[in-house]
Amino acid sequence: MNARSLLLAVLLGLPVVASAHKASDAYLTLAVDGSTITQRLDVALRDLDRDLVLDADNDGLLQWREVVGRWSEIDRLTADGLALSADGAPCTAGPAGPPALETHSDGRHAVVTRTWRCAGAVRQLDADYRLFARTDPTHRGIVRWSDGPRGGTAVLVPDAGPRVLVDAVTPPAGWGSLFREGVHHILIGTDHVLFLLTLLLPAVLVRTPPGWAGARAWRPVLAEVVQVVTAFTVAHSVTLGLAVFGVVDPPSRWVESLIAASVVLAAVNNLVPVVRHGRWKLTFLFGLVHGFGFAGALKALGLADGLLAQSLLAFNLGVEAGQLAIVAVFLPLAWALRDTVVYRRGLLPAASVSIALLAAVWLAERALDLSLLPSA
Amino acid sequence: MKALWLLAFACGAATAAPFVPTDADEVVERLPSRLVSPAERDQQRALQQRRAAAPTQLPVALQAARAAIDRARRSGDPRELGEAQAALAPWWSLTDPPSAVRLLRATVRQSQHQFDAALRDLDVLAANAPLEQRAQAVLTRTAVLQVTGRWAEAEASCRDLGGAAFAPLGPAVSMSARVCRAELASLRGATAPAAADLAALSRATRDDGLRRWVDLVRSELAERSGDPHAGDRYREALGDTPDLYTLAALADWLLARDRPADVLPLLAGREDADALLLRLAIARVRTRDPAAAATTRLLADRFDAAALREDTAHRREQARFELDVRGDARAALPHAVANWAVQKEPADALLLVRVAAAAGEPRAAAPVWAFVREQGLADVRLGAARDGATR
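Residues numbered from 1 in each chain as written. Chains lettered and ligands numbered in written order. Predicted model: local features only at pLDDT ≥ 70, side-chain atom pairs only at ≥ 80, totals over all residues.

### Some details on the packing of helix α18 (residues 315-325) of chain B against helix α20 (residues 346-358) of chain B
Residue and element names in this part refer to chain B. Axis separation between α18 and α20 bottoms out at 11 Å; the angle between their running directions is 35 degrees. Crossing handedness for the pair α18 and α20: left-handed. Contacts between α18 and α20 pair Arg-316, Ala-319, Arg-320 and Leu-323 from the former with Asp-348, Leu-351, Arg-354, Val-355 and Ala-358 from the latter. Classifying every residue of the contact of α18 with α20 gives 5 nonpolar, no polar and 4 charged. (Axes fitted to C-alpha atoms, helices over the stretch in contact; angles between N-to-C directions. Helix = DSSP H or I, 4+ residues; strand = E, 2+ residues; numbered from the N terminus. Left-handed = near helix turned anticlockwise from the far one by under 90°. Contact = placed C-beta atoms within 7 Å. Nonpolar A, V, L, I, M, F, W, Y, C, P; charged D, E, K, R; others polar.)

### Some words on the interface of chain A and chain B
Taken residue by residue, the interface counts 60 residues in chain A and 80 residues in chain B. Considering each element in turn, the side of chain A that touches chain B owes the most residues, 11 residues, to helix α1 (residues 3-13) of chain A. Among the residues forming the side of chain A that touches chain B, the class breakdown is 30 nonpolar, 16 polar and 14 charged. Pairing between strand β3 (residues 61-63) of chain A and strand β1 (residues 27-30) of chain B: 3 bridges, direction antiparallel. Each residue of the ladder has a partner; that of Leu-61 of chain A, found in β1 of chain B, is Arg-30 of chain B. (Pairing = 2+ DSSP bridges.)

### So, the sheet that holds strand β5 (residues 89-90) of chain A
Residues and elements named next belong to chain A. As summarised here, the arrangement of the 4 strands in space is β5-β4-β9-β12, forming an open sheet in which the pairing is antiparallel. Sheet topology places β5 and β12 (163-167) at the edges, where each strand pairs with a single neighbour. Bridging between strand β4 (residues 82-86) and β5 involves 2 bridges; their strand directions are antiparallel. Across the sheet, the residue bridging to Ser-85 is Pro-90, located in β5.

### Here's the deal with the environment of Gly-231 of chain B
All names here are of chain B. Structurally, Gly-231 is set in helix α13 (residues 230-238). The partly exposed category is assigned to Gly-231, around which 19 C-beta atoms lie within 10 Å. Sequence-wise, Gly-231 and Ala-251 are 20 residues apart; in three dimensions their C-alpha atoms are separated by 9.3 Å. Apart from the residues lying within four places of it in its own chain, the contact partners of Gly-231 are Leu-250, Trp-253 and Leu-254. (Buried ≥ 20, exposed ≤ 12 C-beta atoms within 10 Å, placed from the backbone.)

Here it is, written out as structure tokens:
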């Protein structure tokens, strides 16, 4: 091919090529019933012709006999193109059913039915799809599975490795479970809880010339708590959203280190107040970092493509609910104890010192990749 | 939306009953290969066999990939691009593949509308590759930059192509540089000198392929500047072996001139290419052709199937389908907006302006008008479309 014809090929093809046709898809239906799976796979005849050369007389037309006569090879090709395993053990593919066809929007498809047998009742089903991996990597298998009342769809990429379809072991990541994950994450996230408590500790006190004293009026106390909690919420929601939608993706070691640093600084600020008024600004700044931490947890759950916004909302609402629960338990207690010497002279400095020390160790561990504390 | 498509698929798959033909001689599928000569089919199969036997032989892989890309260009079939990718599989994911592979990878990716990925490869090639591949890369890069609306960079890239470095490759490269320079200048409104230069180029070249390309650029220029003879230009560019792009462009010109009846004979028998089927559907709807409903249904099925695989390369076509076939401007709007975010050809601008006007949301076309202000796009159709004067 000379330079010019290649030049022209590229330019003339540019605006239309990808839009002129539908790409290659196969339609896979899997119905699970106990330990057996009924499969129906619709594969385009033109894709089969490319791999198997069905058009024996080479006239560009496929006669029915050219398909029927090669059915055993179609059976083998499609059987090699899919592996199913249940709970880690491979299922066995039965022979293909009788030859049949179906019309789809891009032409005729061969309909390959077969029954798979698995070792026991299927709890988790993995599909390893490899059809046409070596001849058309842009091919996709569109699978619809059902297991009693449950079901779902997925787009299978050839040679992308096993993909979990049915999963009765772990609950599906629906709205409710994402909400619970959000609550769970803040309640077990010691660093987030400590950050919040450290900020709330002095909220029930006022600073007087000799030292801390219990607040007299509840309104300013509540106002400050609302300010701090709101600042934290808004800030971490912003960065959580940015990270989940892939706008920014800071390295997790930096994020985790900065979260530890934020706890240290908040605790030190209780002992040696640098920021006294408008602590919400400090909270907002560090809240941004905590949001990236939440995003890491949310991403680890594996989100459904296309439902990102809903998943994000459910998870974040869970985080806020967990946070409010902490405030709701802590604030009345702190209010009741605010005038005691123990709270002012003991709890506030002791807790702040311990939190600062603990967070300093986290910071060292996370920033320097050390292991100083026994792992939880 | 997605849930609806999945539901449609679920229902379709559940109710569709497979059938078994009764006659062994019944033709059950017409393969795309029927459009080429038996000799070419044999050649294609021989090449596939050689590749299957030795998948890591670079020369064989390159030959197979080039042949597949060439078929994709003629048929517009994305499966051919998949075959090109398959041929290059041993090198496809390398960060630093041989430059011949890199060039073909970029070609496949830009054809799949993965413009950023294509540009990454083209930038490398434009900086450092054997001369002929570099020329090809610079020209492709110019085209991608132009399509994505990065005109200043496209102009710089086009200037590179006309530079002395490529002189040893002969007049084909310097002529290509003249074509891209004239086209970019005309997009910014310098129509007359560009038209004159292109006319001179068309007369001067004896190469039929180059002449048809120049004539296509001249046709589009004429259409943008409101020349009533643009249709004659398109017919000249068609020649006797019409290609998809020019056919679609001529059909669009006829539709814009309210001559749908002329589109029917032009595209008869070309239903296999979705781009042409779309124009045919518009023409059939406007002429109240009895086949309009069936064509609309077939197109809708293909868009639904593409949505199922989360394919987003069809936004331009889908917006036109919603607007011009189904007459649903509100459904067309998100597709036209998303398309404009990726592609910025005059046709994309016109589409968004038309859709926004028809949907009663002219502000949705604000990005187009900002582009017109900033880049200086000159196209008489835009103002007319905003005022609802054209369809």
